[in-house]
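Here are the chains, one letter per residue:
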Amino acid sequence: METRICEVDPLENNESLFAEAAEILKQGGLVALPTETVYGLGADALNPEAVVHVFEAKSRPRFDPLIVHLASARELEQVAVVPDELSATVQRLAAEFWPGPFTMVLPKAVAIPDVVTGGLNTVAVRVSAHPVMKSVIKALGHPIAAPSANRFGRISPTCASAVMKELGGRIPLILDAGACTEGLESTIVQPMVDDKGKAGIRILRQGPVTREQFRNVVKIIRPKPTPKTEDNKLLTPPIVPGQLASHYAPGKKVILKDKNETFVPDNEELDYGLLSFEGTSTLAESYDWTSVYTLSPGNGRLAEAAVRLFAVMRQMDEDEDIDVIVAECLPETGIGAAMMDRLRRASADRT
């Protein structure tokens, strides 16, 4: 299959291109398109056969649920059923964080095929702020199911060229609207009632909307430990994307180290590259690195680092002079917590 990349300027009239993308989706095909977080691989969320193609293109296990994207919060009732006791909480969250990099897990509506949710009775729902995603949903007239547009477990793509490297020849069309502005997948929460009958949320995946932001809006319910086997594998299937122990991973081994540590290689015959926050640390100065890639050169800004994280990880994975990636731990405040979640999963044992 030939994969076309079509450039899209969100400020221009792209109705014919959006109509073409919608037609591919109507016919059960797939289209890669941008969100503000990462590029997604879209299918008609109401067409189970189309959604199956998403799993096939990504080599993704069927138990891993997808996120359903809406054009606006007004369409929520098409895909989810909001219990009365959670209605006020859901409305408050939608008003505060939609459109944006924020996903809610709610009881699914009958219209949503089981393949979208991995057989679960809940559905993950988001309203993206990206005008291209919104326009294609409107042109299709249906919600779009869209995980990240990469092969399963790999680094999420933040530009069209990265999508082409991951899925070229597997899908017909990529809409290229430039680099994503957030760089990390959406924050995922599940509205629920706690043991005392009070409504709140449980944070299932950390992302651009931080715990600190939620505290000003809703009650945060402490998560229950996720049951795992002795080798750190989940005993139960994930209810949202990105919960597997190993995920967001380059092809090369990733080692996590504290910035105040010194580095001693396990194998002197290998070439080690450093993924550093600012480029200056005890870790950075303790070893003669083959290459040093910096997320926020000299600034130490977590927001800048978040936008660059996946792109820089992909550059290091493609750097032929590096055998092993050593990643410097980041401050776990604000969006730094989400980045550390991604780095821990990238460095997890894949055996």
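What you see is a predicted model, and the numbers here were worked out from it, not measured in a lab.

**Q** Even after reading the chapter, I still don't get the overall build of the protein chain, so can you show me in this structure?
**A** For the protein chain, the count of helices and strands is eleven helices and 14 strands. Computed over its C-alpha atoms, the radius of gyration of the protein chain comes to 20 Å, within 12% of the 20 Å expected for a compact globule of 351 residues. For the protein chain, the C-alpha atoms occupy an extent of roughly 55 × 55 × 40 Å along the three principal directions. Buried positions account for 55% of the 351 residues belonging to the protein chain. For the protein chain, the exposed area adds up to about 15500 Å²; of that, 47% sits on carbon and sulfur atoms. The distance from the centre of the 37 positive side-chain charges to the centre of the 47 negative ones in the protein chain is 7 Å.

**Q** Would you mind showing me how to read the sheet that holds strand β13 (residues 291–294) here?
**A** Picture the strands of a sheet paired through backbone hydrogen bonds; they go either parallel or antiparallel. Ordered in space as β11-β14-β12-β13, the four strands form an open sheet in which the pairing is parallel. The sheet terminates laterally at β11 (253–257) and β13, the two strands that pair on one side only. Looking at each pair of strands side by side, their axes are set apart by 25 degrees on average, direction ignored. Two strands pair when backbone bridges link them, and strand β12 (residues 272–276) and β13 are joined in this way by four bridges, in the parallel orientation. Bridge pairing in β13 places Gly273 opposite Ser291. Where helix α10 (residues 302–318) meets the sheet, its contacts fall on β12, β13 and β14 (324–328), and the angle it forms with β12 comes to roughly 170 degrees. Lying on the sheet, helix α11 (residues 336–346) is in contact with β11, β12 and β14; it crosses β11 at an angle near 130 degrees.

**Q** How should a negative patch on the surface be read in this particular structure?
**A** Taken together, the side chains of Asp271, Glu320, Asp321 and Asp323 make up a negatively charged region of the molecular surface. Within the secondary structure, Asp321 sits in the loop between α10 and β14. On the basis of relative accessible area, Asp321 is assigned to the partly exposed category, the value being 49%.

**Q** Just checking my understanding: could you explain the packing of α10 against α11 for this structure?
**A** One way to put it is that α10 packs onto α11 with a least axis distance of 10 Å and a crossing angle of 20 degrees. Considering their axes alone, α10 and α11 lie roughly parallel with respect to each other. Considering how the two elements wind past one another, α10 and α11 form a crossing that is left-handed. Two secondary-structure elements touch here, α10 through Leu302, Ala305, Ala306, Leu309, Phe310 and Met313 and α11 through Gly336, Met339, Arg342, Leu343 and Ala346. Here the residues of the contact of α10 with α11 sort into nine nonpolar, one polar and one charged.

Thresholds applied
- Residues numbered from 1 in each chain as written.
- Predicted model: local features only at pLDDT ≥ 70, side-chain atom pairs only at ≥ 80, totals over all residues.
- Heavy atoms only, no water.
- Helix = DSSP H or I, 4+ residues; strand = E, 2+ residues; numbered from the N terminus.
- Rg over C-alpha atoms; globule rule 2.2 N^0.38 Å.
- Buried < 20%, exposed > 50% of the residue type's maximum accessible area, 1.4 Å probe, protein only.
- Areas by Shrake-Rupley, 256 points an atom, 1.4 Å probe, with all protein chains shown as cover.
- Lys, Arg positive; Asp, Glu negative; His and termini not counted.
- Charge placed at Lys NZ, Arg CZ, Asp CG, Glu CD.
- Pairing = 2+ DSSP bridges.
- Axes fitted to C-alpha atoms, helices over the stretch in contact; angles between N-to-C directions.
- Contact = heavy atoms within 4.5 Å.
- Patch = residues over 30% accessible without salt bridge, like charges linked within 9 Å, V, L, I, M, F, W, Y side chains within 5 Å.
- Salt bridge = Lys/Arg side-chain N within 4 Å of Asp/Glu carboxyl O.
- Parallel < 35°, antiparallel > 145°, perpendicular 65-115°, else oblique.
- Left-handed = near helix turned anticlockwise from the far one by under 90°.
- Nonpolar A, V, L, I, M, F, W, Y, C, P; charged D, E, K, R; others polar.

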